[in-house]
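Listed here are the chains, written in short residue letters.
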Amino acid sequence: ACLTPARIRASLPPMIHPNALAATRRHLWLGPAMLVALVLLVVAWFLPTMTIERVPWVWRTKFSIWRVVEGLWGDREYFIAVVLVLFSMVFPVVKLVAGLYVWARVDAYRAGASRMVGLIGTLGKWSMVDVFVVALVVAAIQVSLIANVAIHAGIYVFTAAVLASIALLHFLERALAKPRLHVSA
């Protein structure tokens, strides 16, 4: 009935390395938490982030991150659309998927684990760029004197997902720097 290292290893799916953090009781929660952050991130792309009102009670439009990207692409603002997609969609997903890979597949006791700590640290340094890009869009619209902007749940869900990914990657980095449990292969 006791959860021993041998029982943990015997119950692992083949995709999880026996010495990975996913094989430890202490760090088992990291993977599911990163999956939740990933789902929140994708949901946030399609939730309304703001409503722009130009003429009170007459012209009002709700925007999501995805809708802003579509609008920019449709207006041939390709550079801004690509920057928004890279830093608000692609980069956060890559960051969390890399974290999940490290959590499940990297042997925490090999020399390669230290390289992965460096990768996770580098990804973490770029984390707030995601929120910064969306904040710039909101600020640019707020500066306009002819529009009122109301913030919606999408911006909060997106920010929560990004902050969760920052915290989770920090925990992952610390766990790789100091592994606690060794399961023999």
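Quick caveat, the model's predicted, so the values are computed rather than measured.

A. View of the environment of Lys62. Residue position: Lys62 is located in strand S2 (residues 59-63). A relative accessible area of 47% means that Lys62 is categorised as partly exposed. Along the primary structure Lys62 and Met50 are separated by 12 residues, whereas in three dimensions their C-alpha atoms are 5.7 Å apart. Other than its neighbours up to four places away in sequence, Lys62 contacts Pro48, Met50, Thr51, Arg67 and His152.

B. Seen up close, the nonpolar core. Ranked by internal contacts, the top residues of the largest apolar core, which has 35 residues, are Leu21, Met34, Val102, Trp103, Phe158, Leu172 and Leu176. Residue assignment for this core shows that the elements contributing at least two residues are helix H2 (30-46), helix H3 (65-74), helix H4 (78-105), helix H5 (112-125) and helix H7 (153-177).

C. Main features of the packing of aromatic side chains. All chains considered together, the criterion is met by 4 aromatic pairs. Ring plane angle 65 degrees and centroid distance 4.5 Å describe the contact between Trp73 and Tyr78, whose orientation is recorded as edge-to-face. Classification of Tyr78 as partly exposed rests on a relative accessible area of 38%. Among the aromatic side chains, those forming a connected cluster through ring pairs are Trp45, Phe46 and Trp66. Taking NZ or CZ as reference, Arg67 lies 5.3 Å from the ring centre of Phe63, over its face.

Calculation criteria
- Every chain is numbered on its own, with residues counted from 1 as its sequence reads.
- Local features in this predicted model are restricted to residues of pLDDT 70 or higher, and side-chain atom pairs are both shown and tallied only at a pLDDT of 80 or more, whereas totals for entire chains, interfaces and linings draw on every residue.
- Just so you know, side-chain values use all the structure's heavy atoms and leave hydrogens and water out.
- Secondary structure elements are taken from DSSP: a helix is a run of H or I of four residues or more, a strand is a run of E of two residues or more, and numbering for both begins at the N terminus.
- Relative accessible area decides the class of each residue, using a 1.4 Å probe on protein chains only: under 20% of the type maximum gives buried, over 50% gives exposed, and in between gives partly exposed.
- Any two residues whose heavy atoms approach within 4.5 Å are treated as being in contact.
- Joining through side-chain atoms within 4.5 Å is the link that ties buried Ala, Val, Leu, Ile, Met, Phe, Trp, Tyr and Cys residues into a set, and such a set is a nonpolar core.
- Put simply, two rings from Phe, Tyr or Trp (the six-membered ring, in Trp's case) pair if the centres are within 6.5 Å, and we call them stacked under 30 degrees between planes, edge-to-face over 60, tilted for the rest.
- Note on geometry: a ring has a charge over it if NZ (lysine) or CZ (arginine) is within 6 Å of the ring centre and within 35 degrees of the ring normal.

In short, the description is geometric, and any link to function would need to be established separately.
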